[in-house]
Amino acid sequence: MKAQVKSTLIDIVVCLVGIGTVILCEIFMKARSDILYYISVSALSVLPVLYCAVDKEKYKHFSRTLLVVTVVAAVVVACYVLYYTTGLSEKFSDFSALASYIRGSGFWGVAVFIGLTVFQVVVLPIPEAVTILLGVAIFGATTSFILSVIGTIIGSLISFMLGKVFGRKLCNWMFGEANTEKYAKIMNEKGRFLFIIMLLFPAFPDDMLCMIAGITTMSYTYFTVICLVTRPVMIGLTAYLGSGVIPFSGWGIPVWIAIACLMFVLFVVVSGIKSKIESRKYAAGKK
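Notes on the structure follow.

## Describing the overall build of the chain
- Counting secondary structure elements, the chain contains 13 helices and 0 strands.
- Of the regular secondary structure in the chain, the N- to C-terminal order runs α-α-α-α-α-α-α-α-α-α-α-α-α.
- The buried share of the chain, reckoned over its 287 residues, is 38%.
- Of all intrachain contacts in the chain linking residues separated by at least 6 positions in sequence, the fraction that spans at least 24 positions is 72%.

Now the structure itself:
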């Protein structure tokens, strides 16, 4: 009974959030851009309805994703409204002006970017490459790399701590019982080495793994050391490859060919490791 009441209350809150954001769009966005207005209103109207209509027991992961997306969309709309109502839109007519302002804001610009990276790791269901490349556009490759590493390590530790404190119930709620059980079993039974492999390569959901690692017997010290060693690798590749440091002409062509070949080999190797992990899991489940 309590679970049903809680579910109903969440549905009501989500509907109110949807209605509130649609009202904000109606008041502040209609005069800005017709296309942006109609897309925003349509999306913000559909998301709460989908969340309330979907079978939350049958489609747990999908319903939770809808909930997160609805909340994030509401935050984005609120930020957009503040951007125009505070006069910032007149001050920053293009991205370069905004980037210059953020770079010139010193501590606060850095703090906001690190906070965004932490939020992406713990909550936001988007690839980390999005925030890394945003940082590259604002701060440059090296600064984006450093700040992204700091934010990612902090976010990873927070996720791990949440897993330790709230346990399997939170992971089941966030990622679904099947995913939680699968990766927790892998990390408990197959050793710590596979955890390093999974964090190093993008074939695995590294942000999810950090929280699920918290429900295993893994210690804070081991997790911290592994994150410090592994997380900067993909962040560095994304930041420097996405910054245009390596040109698409002249000496850059053979470098890109070598990188493509290396990525293909890594993809084959990691896919093989992943297939073996999956096959062993299913074989163990049948015994």
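Next comes the rest of the account.
## Description of the side chain of Q120
- Tracing the chain through its elements places Q120 in helix α6 (residues 107–122).
- In this structure, Q120 is in contact with I126, P127, E128, T131 and D207, ignoring residues within four places of it in sequence.

## A look at the packing of aromatic side chains
- Taken as a whole and assessed by the stated rule, the structure comprises 3 aromatic pairs.
- The interplanar angle of 65 degrees and the centroid separation of 5.6 Å between the aromatic rings of F113 and F139 together place this pair among those described as edge-to-face. Of this pair, F113 sits in helix α6 while F139 sits in helix α7 (residues 128–139); the two residues are 26 residues apart in sequence, bridging distant segments of the chain. Exposure class is identical for F113 and F139. Each is buried.
- Look at F160 and F223: their rings are 4.2 Å apart centre to centre, the planes differ by 10 degrees, and that puts the pair in the stacked class. Of the two residues, F160 is situated in helix α8 (residues 141–175) and F223 in helix α12 (residues 220–241); the sequence distance between them amounts to 63 residues.

## Quick notes on α6
- With 16 residues, α6 should reach 22 Å at 1.5 Å per residue; the first-to-last C-alpha distance of 22 Å fits that figure.
- Along α6, the positions that sit buried rather than exposed are G109, F113, I114, T117, V118, Q120, V121 and V122.

## Looking at a nonpolar patch on the surface
- Side chains of L9, I12, L16, I19, I23, I27 and F28 sit close together on the surface and give an oily, nonpolar patch of about 670 Å² of accessible area.
- Tracing the backbone shows L9 in helix α1 (residues 2–29).

## A look at the packing of α6 against α8
- At a closest axis distance of 7 Å, the pairing of α6 and α8 adopts a crossing angle of 35 degrees. Seen from above, α6 lies across α8 with right-handed handedness.
- Across the contact of α6 with α8, the residue classes break down as 12 nonpolar, 8 polar and no charged.

Conventions we followed
- Residues numbered from 1 in each chain as written.
- Predicted model: local features only at pLDDT ≥ 70, side-chain atom pairs only at ≥ 80, totals over all residues.
- Heavy atoms only, no water.
- Helix = DSSP H or I, 4+ residues; strand = E, 2+ residues; numbered from the N terminus.
- Buried < 20%, exposed > 50% of the residue type's maximum accessible area, 1.4 Å probe, protein only.
- Contact = heavy atoms within 4.5 Å.
- Phe/Tyr/Trp six-rings, centres within 6.5 Å; stacked < 30°, edge-to-face > 60°.
- Expected span 1.5 Å × (residues − 1).
- Patch = residues over 30% accessible without salt bridge, like charges linked within 9 Å, V, L, I, M, F, W, Y side chains within 5 Å.
- Areas by Shrake-Rupley, 256 points an atom, 1.4 Å probe, with all protein chains shown as cover.
- Salt bridge = Lys/Arg side-chain N within 4 Å of Asp/Glu carboxyl O.
- Axes fitted to C-alpha atoms, helices over the stretch in contact; angles between N-to-C directions.
- Left-handed = near helix turned anticlockwise from the far one by under 90°.
- Nonpolar A, V, L, I, M, F, W, Y, C, P; charged D, E, K, R; others polar.

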